[in-house]
Amino acid sequence: MATILPPPSKRQRTEAAERSRAQQDVEEVPSDAGSLRLQFFDETTGIPIGQGPVLVPVADATPKNLELLLNTLQGHDSSEYIPYRFTLPVPTKTSSDPITTAFPTNVWKALINPGLISTEEVQNISAAPQAVFRVQAVSRCASTIPGHGEAILATQFSPKSSSRMVSGSGDNTARVWDCDTGTPVHTLKGHTSWVLAVSWSPDDSRIATGSMDNTVRMWDPKTGKQLGNPMKGHTKWVTSLAWEPYHIQKPGEPRLASASKDATVRIWSTNQQTIEIVLSGHKGSVSCVKWGGVGLIYTGSHDKTVKVWNAKDGTLAHSLNAHAHWVNHLALSTDFVIRTAFHDHTGKIPESEEEKVEKARERFLKAAKIQGEVVERLVSASDDFTMYLWEPSKGTKPVARMMGHQKQVNHVTFSPDCLLVASSSFDNHTKIWNARDGKFINTLRGHVAPVYQCAFSPDSRLLVTGSKDTTLKVWDMRTHKLSVDLPGHKDEVYAVDWSPDGQKVGSGGKDKAVRIWRH
C-alpha cells in the first residue's frame, strides 16, 4: 500500500496562504504607477536627511529598499549598515490630524490607490535607527516556579544576564530564581510584611528590597544573605527604590534612594546602612522615585506634583505641577542604560573599575545625547487619565500633555532607544507615543481588563504587557499589532519584566507562581 502524506498542518497552511498573498501583492502594482517623492527625516532630531526629496519608483518603494537607499544616502558601507524603521503621516477621513503609520510593504495598495497620499506631493518619511541586534518574541512558558506563599508584587531581572531574577511577594520574602533551570536559588527572609519593591544594583552585586514593614534591606544575590542591618527610618511603607547610576557613584560606595508613603524620600549609604539625606517636601505618599544620570532625583507623589532634587545636597531644583490627581509612576528616557550600566547586549564585561565606569558613562551619553547635548526626558503618569512629557533640565513647563486614556494611567516606560513611550492604563489599553514630542502614535487593544505593567524588549522592537485578565501579550512595535498572546497565569498578572539581554520575560501575580517565558 502506498504511503499517504499526512494533511498539511495549520502552520503549513498559514505559511502557504501568506506566500500566495505576498505573491499577489507584488503583482498588483501597475506599470504606470509613477514615482514617489520622498523626503527623509531623522526621527530623533527631526532634521532632514540628504539634499532634498528623492524619486523612488512606486513598485520599488518597500521598507527594505528604503533602508538600502537611506544607508547609501548617508554613505554607510556594509560594516556600518543600520536597520531603520520608517513612518509617515497619513491623513484620515474622520479627523483633521494625520495618523503616523509604519511605511507599508505595498505602498500602492495601502496608500496611493485608496487616495490617501498622492504621487504629486513630497512625502515626509521619519526614519528611526533600530538596534543592530534583534530580540525574538517570547512565545512559550518555559517554567512555572512555585514557592511564594502569597501574590507576587514586583519582579526584576539581573542587569547582567537573564539567568537570575528577583521577585518580591506578599509572603514577606523576596526570592532569587535561576531562570535557565526554573528553580529557586535563594529565599531572602527578614521582612515582617509584604515586599513591595525589589531593585537589582546596576553592577549586579546587590539586591535592595523595600517593604510594608517600613524598612529597606540589602542582600547578596550570590549567597542570599542579608548585608548589614535593615535600614530603618521611614515611618510608613516603602513604595519605590532607585540606585544611584553607576557612572556617577563614588567607587565602591553606591547610594540608594527609597520613596515611602510617609511623604519623604531617603538616600542611604548602602555600605553603612545609614541615612545620608532626607528629601522632604511632598505633602502626600511618594509613589515613585527615579535617579537620573545627570545628578538629579525625580519623585512623583500623591500630592499631584513631580519634584526634581539635586542628588548632591538634597535641595529642591524644580517642582513640576500640572497633574490634577495622584502621580502614579515616572519613567526616564535613560532608565534602561542606567539600569544596565556597563552590561550590553554583547555580554562582554570590562576588566577594571575605571573601564566599567567609562563604559557605563559612554552608554549613558549615547542614549541621552540629542544633537550634541545631554537631554534626560521624564514622563509622569497620573490618575487624572493623562501623562506629561518633561525636560526637567530645561525648565518647569511640560513639553507635551499626552491625553487619550479613558481611565487612570498606571505604568509608563520609555523604549531603550528613547524613541517611544508606552503607557498602560485601567481602560484595558496600552498606548504608544512619540518620545520626542509626546504625539500619540497608536493604541494596543487586546486585553479585556486593566493593564498593570508593560516592558520593552532591549531592541525596542517588541513590548510585553501584563494584565488583570491573566494574560501577557507581546506587541510588535512596527505594526502595533499583537505578536504573541501568552496565556498561562491562573489569576491577575501584577508584575512583568523583560531581561536586558532579551532572552526571557519574567512575570508574577496573584497566582503566586513566577513564570519565565522564552522563544
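Remember, predicted model here, so these are calculated numbers, not experimental data.

Q: Outline the overall build of the chain, supporting the account with residue identities and numerical values.
A: Summing up its helical and strand segments, the chain has 5 helices and 39 strands in all. Reported as C-alpha extents along the three principal axes, the dimensions of the chain are approximately 75 × 75 × 50 Å. Counting over 519 residues, the chain shows a buried share of 53%. Considering only residue pairs separated by 6 or more positions, the chain has 51% of its internal contacts joining residues 24 or more positions apart. When the accessible area of the chain is evaluated, it comes to approximately 22900 Å², of which 51% is carbon and sulfur surface. Charged side chains of the chain number 59 positive and 54 negative; the gap between the two group centres comes to 5 Å.

Q: So, the sheet that holds strand E22 (residues 316-321): which residues are in play, and what are the values?
A: Within a sheet, adjacent strands bond to each other through the backbone by hydrogen bonds, running parallel or antiparallel. An order of E19-E20-E21-E22 is seen for the 4 strands of this open sheet, with the pairing classed as antiparallel. Two strands lie at the open edges of the sheet, namely strand E19 (286-291) and E22, each paired on one side alone. Averaged over all adjacent pairs, the angle separating strand axes in this sheet is 15°, with direction ignored. Pairing between E19 and strand E20 (residues 296-301): 5 bridges, direction antiparallel. When the bridges of E20 are listed, Lys-290 appears paired with Tyr-298.

Q: An account of the packing of aromatic side chains is requested, with residue identities and associated values reported.
A: Under the defined criterion, the tally for this structure stands at 7 aromatic pairs. Look at Tyr-246 and Phe-342: their rings are 5.0 Å apart centre to centre, the planes differ by 65°, and that puts the pair in the edge-to-face class. Note that Tyr-246 is positioned in the loop between strand E15 (238-243) and strand E16 (255-260) and Phe-342 in the loop between helix H4 (335-340) and helix H5 (353-368), a separation of 96 residues in sequence. Residue class for Tyr-246 comes out buried when judged on its relative accessible area of 7%.

Q: So what's going on with H5? Residues and values would help.
A: Over its 16 residues, H5 extends 23 Å from the first C-alpha to the last, a length consistent with the 22 Å expected when each residue adds 1.5 Å. Within the sequence span of H5, burial applies to Lys-356, Lys-359, Ala-360, Arg-363, Phe-364 and Ala-368. The buried residues of H5 occupy an angular sector of 155° when projected down its axis, which confines them to one face. Among the exposed residues of H5, those oriented more than 90 degrees off its buried face are Glu-354, Glu-362 and Lys-366. Elements in contact with the buried residues of H5: H4, strand E24 (369-370) and strand E25 (373-374).

Q: How would you summarise the sheet that holds strand E6 (residues 140-145) if you had to cite specific residues and measurements?
A: What the 4 strands build is an open sheet, ordered E6-E39-E38-E37; its pairing is antiparallel. Only two strands of the sheet have a single partner each, and these edge strands are E6 and strand E37 (493-498). In this sheet, neighbouring strand axes are inclined to one another by 20° on average, regardless of whether the strands run parallel or antiparallel. When E37 meets strand E38 (residues 504-509), the two strands line up antiparallel, connected through 5 bridges. By the bridge assignment for E38, Ala-495 is matched with Gly-508.

Q: Break down the UniProt feature "repeat: WD" (unreviewed entry) in the chain for me, with residues and values.
A: According to UniProt, the "repeat: WD" (unreviewed entry) feature falls on residues 145-187, 188-229, 231-278, 279-319, 402-443, 444-485 and 486-519. Here residues 188-229 runs as 0% helix and 50% strand, with 14 Å between its end C-alpha atoms. The distance separating the terminal C-alpha atoms of residues 444-485 is 13 Å; by composition the span is 0% helix and 55% strand.

Q: I'd like a rundown of the pairing of E16, residues and numbers included.
A: Of all the 6 residues making up E16, 6 are buried; the element is thus mostly covered by neighbouring parts of the structure. Across the two faces of E16 the burial is the same, with Arg-255, Ala-257 and Ala-259 and Leu-256, Ser-258 and Ser-260 all buried. One ladder, built from 5 bridges, connects E15 with E16; its direction is antiparallel. Within E16, the position partnered with Ala-242 by the bridge is Ala-257. Examined bridge by bridge, E16 and strand E17 (residues 264-269) share 5 bridges and lie antiparallel to one another.

Q: An account of the pattern of salt bridges is needed here, citing residue identities and associated values.
A: Applying the stated criterion across every chain, the model contains 16 salt bridges. Here Arg-461 makes a salt bridge to Asp-459, at a shortest N to O gap of 3.2 Å. Asp-459 shares its class with Arg-461; the two are buried. Salt-bridge contacts for Lys-510 lead to Glu-492; the nearest nitrogen and oxygen are separated by 3.9 Å. One end of the pair, Lys-510, is in the loop between E38 and strand E39 (514-518); the other, Glu-492, is in the loop between strand E36 (481-486) and E37, and 18 residues separate them in sequence. The class of Glu-492 is buried, set by a relative accessible area of 11%. Counted as one network, the salt bridges with shared partners bring together Glu-244, Arg-255 and Glu-276.

Quick notes on the rules
Residues numbered from 1 in each chain as written. Predicted model: local features only at pLDDT ≥ 70, side-chain atom pairs only at ≥ 80, totals over all residues. Heavy atoms only, no water. Helix = DSSP H or I, 4+ residues; strand = E, 2+ residues; numbered from the N terminus. Buried < 20%, exposed > 50% of the residue type's maximum accessible area, 1.4 Å probe, protein only. Contact = heavy atoms within 4.5 Å. Areas by Shrake-Rupley, 256 points an atom, 1.4 Å probe, with all protein chains shown as cover. Lys, Arg positive; Asp, Glu negative; His and termini not counted. Charge placed at Lys NZ, Arg CZ, Asp CG, Glu CD. Pairing = 2+ DSSP bridges. Axes fitted to C-alpha atoms, helices over the stretch in contact; angles between N-to-C directions. Phe/Tyr/Trp six-rings, centres within 6.5 Å; stacked < 30°, edge-to-face > 60°. Expected span 1.5 Å × (residues − 1). Arc of directions from axis to C-beta. UniProt positions renumbered as here; feature names shortened; annotations may be inferred. Salt bridge = Lys/Arg side-chain N within 4 Å of Asp/Glu carboxyl O.

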